Amino acid sequence: MKRLILICVFLFLLFTGFIDAPVQSLKPGSLSLRLRLVFDGKPLNLNNALYTDEHGDTLSIDACRFYLSNIVLTNQTQLIYREPYSYHLVDAEDSVSQVIQLDRVPGGSFSELRFLIGVDSLANVSGAMDGALDPIKGMYWAWNTGYINAKLTGRSPSCNTLHHAFEFHIGGYLPPCQTLRTVVLKIPVIKPNQEQIVSLNVDVGTWFTQVDLHKTNSVLLPCTEAMRLADNYQRMFSVITE
Amino acid sequence: MKKTRLFYRVSGILALLTCILAFAGTDTPVKFNAPRGWPKPRYDFSNNPLTLHGFELGRELFYDPFLSSDSSTSCSSCHLSFTAFTHADHKLSHGIQGLVGTRNSPVLINLAWNTSFMWDGGVNNLEVQAINPLTNPVEMNSKLEDVINKLQRTAKYRKLFYRAFNDSIITSKRLLKALAQFTGNLVSCNSKYDSVMRHERDVHFTAREENGYELFKKNCATCHREPLFTNNKFENIGLPLDSVLRDVGRMKVTNDPADSLTFKVPTLRNVEYSAPYFHDGRVNKLKDVIDHYTTGIVESRTLSKELRRKIILSHDEQKDLLVFLKTLTDKSFLYNVQFRQNRVPD
């Protein structure tokens, strides 16, 4: 009977990912995710650089910030690694935020990287948080509680607004206005016992897919337009293969 | 007369003793005791371990106008302990420079049981509620970051945060958790109604109170559910839309037309002292509130289904209901010295 319980506990732990698969017995290492922010392939420079979006609007970007959270590595069938307390605020203005270091990643091969753009609903209802989730970071709505999952602001002559500004603050964690998006990327198989780097392109141009800045230039509340923009930036990431 | 005075003196001393015992010598954890028979509190103190010093820090912050941009306005400016933590005589409250808000400041009672905050339920957790008044331009008009930096520069707060969190580094998380230790402990559970429900010796409803209670159960208790006297839901109680603010209530949060003109059902505990009433304080007297429910309901698409059936009360019945509502007054709450400003020297 005792043995049966032990087996059950072991299976439960294995199933829930508390124990890594036995094949992963190699030494843990580290993995850095390096994010390269670009606009349509060109390096992203804030404020003065001019870009042209899919619709043909000329624009510049003042600020680009987003949460990258719940990072997971798998070998497509098995969870290999789940980053503990995985919340990162990536900011185009802060190069340090564009490198995410994952420590104690188990040795062994994995080929898939998964993460969320935004903050999961549990964190959204858990009260006062710190670190990347500290409300002083300016990515938090106090009145209608919730994290802003991603922010993009800039200017374009196409915007009939004060100073030709456009503002996208994308949030919303409650159905039917959820803007949390999952990203799944195939990455080159990582060899064990090494310090590894995975470089990702983050193409801000994807935000503007089928967006006419003349019509859509201020999205500051959860719902329809926010969902559409979230669908757009879900496609922001791609793996750079050297 | 003498008897009454003696009664107040004795009950005052008893209340004080209870508080002293409850908090005696406690550097160490204080237990949050939910009154017997009440539902489980929604706010989870296990994620914000309650201590005497945490509570005291929260209270100090609550009463300190230093937290506002011009050091003029504190939380207590609009939430006064003697009036169940609402703003007496103010339909709408004013913050810095006399700027006026858009809603009647709500009572702060039994917040640990609230499932949401604000008249429209826009806030989902007690801890983050305080960010709103702190940062609202017509309330305290601060930036959270500035508040933290300001507090960090004072020796007094470095000391108080150290006592509460074993660390003098002030963060927004600690600020908000400390405030929640204070506001989450504003529990009112010692009204005459509670004594009667607990079958305490020699406490009975009068015949009129008893009749009022029966009328209450029949006409009001679906929404103002005992023992908290709210069901935490949102209802349109048939108030005509005001022409100035045109406040549609919860719909602002949900964008759902079904929520148009609905507002949070407020608790009725200490309602005798929490005038003015309704989300915009449009009514001053409790009697006028009952008048609204009996004769003032405006029909609309989203009118509460509980109010589609007319509430008919005779003149005497209205008086009895009023008498019952006054049994929800809890003097040990309103005059609790632990809830008042206890200034910590700078």
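Going by the structure above, here's the rest.
Residues numbered from 1 in each chain as written. Chains lettered and ligands numbered in written order. Predicted model: local features only at pLDDT ≥ 70, side-chain atom pairs only at ≥ 80, totals over all residues. Heavy atoms only, no water.

Considerations on the interface of chain A and chain B
At step 1: Contact residues are listed per partner, giving 17 residues for chain A and 19 residues for chain B.
At step 2: For the chain A and chain B pair, buried surface summed over both sides reaches about 1,500 Å², with 54% attributable to carbon and sulfur atoms.
At step 3: It is A:A128, A:I136 and A:W143 in chain A that bury the most area against chain B; as a group they hold 40% of the surface buried on that side.
At step 4: Where A:D130 meets B:K173, a salt bridge forms, and the shortest distance between an N and an O atom there is 3.5 Å.
At step 5: Here chain A is connected to chain B by 11 residue pairs in polar contact (both at pLDDT 80 or more). (Contact = heavy atoms within 4.5 Å. Buried area = accessible area lost by both parts, 1.4 Å probe. Salt bridge = Lys/Arg side-chain N within 4 Å of Asp/Glu carboxyl O. Polar contact = N/O pair within 3.5 Å; in protein donor to acceptor, adjacent residues only side chain to side chain.)

Examining helix α7 (residues 155-165) of chain B
Residues and elements named next belong to chain B.
At step 1: Among the residues of α7, those classed as buried are K156, Y157, L160, F161 and A164. In a view along the axis of α7, the buried residues occupy a sector of 120°, so they form one face of it. For α7, exposure combined with an orientation more than 90 degrees from the buried face picks out A155 and K159.
At step 2: If you follow the buried residues of α7, they end up packed against α2 (52-62), α6 (144-152) and α8 (172-183).
At step 3: Immediately beyond the C-terminal end of α7, within one or two residues, lies N166, with a positive phi of roughly 60°. (Buried < 20%, exposed > 50% of the residue type's maximum accessible area, 1.4 Å probe, protein only. Helix = DSSP H or I, 4+ residues; strand = E, 2+ residues; numbered from the N terminus. Arc of directions from axis to C-beta.)

Considerations on the packing of α2(B) against α8(B)
Residues and elements named next belong to chain B.
At step 1: Two numbers describe how α2 lies on α8: the axes approach to 7 Å, and their chain directions differ by 95°. Considered as vectors, α2 and α8 are oriented roughly perpendicular to each other. Every residue of α8 that contacts α2 at G54, F55, L57, G58, R59, L61 and F62 is listed here: L175, A178, L179, Q181, F182 and T183.
At step 2: In terms of residue class, the contact of α2 with α8 is made up of 8 nonpolar, 4 polar and 1 charged. (Axes fitted to C-alpha atoms, helices over the stretch in contact; angles between N-to-C directions. Parallel < 35°, antiparallel > 145°, perpendicular 65-115°, else oblique. Nonpolar A, V, L, I, M, F, W, Y, C, P; charged D, E, K, R; others polar.)

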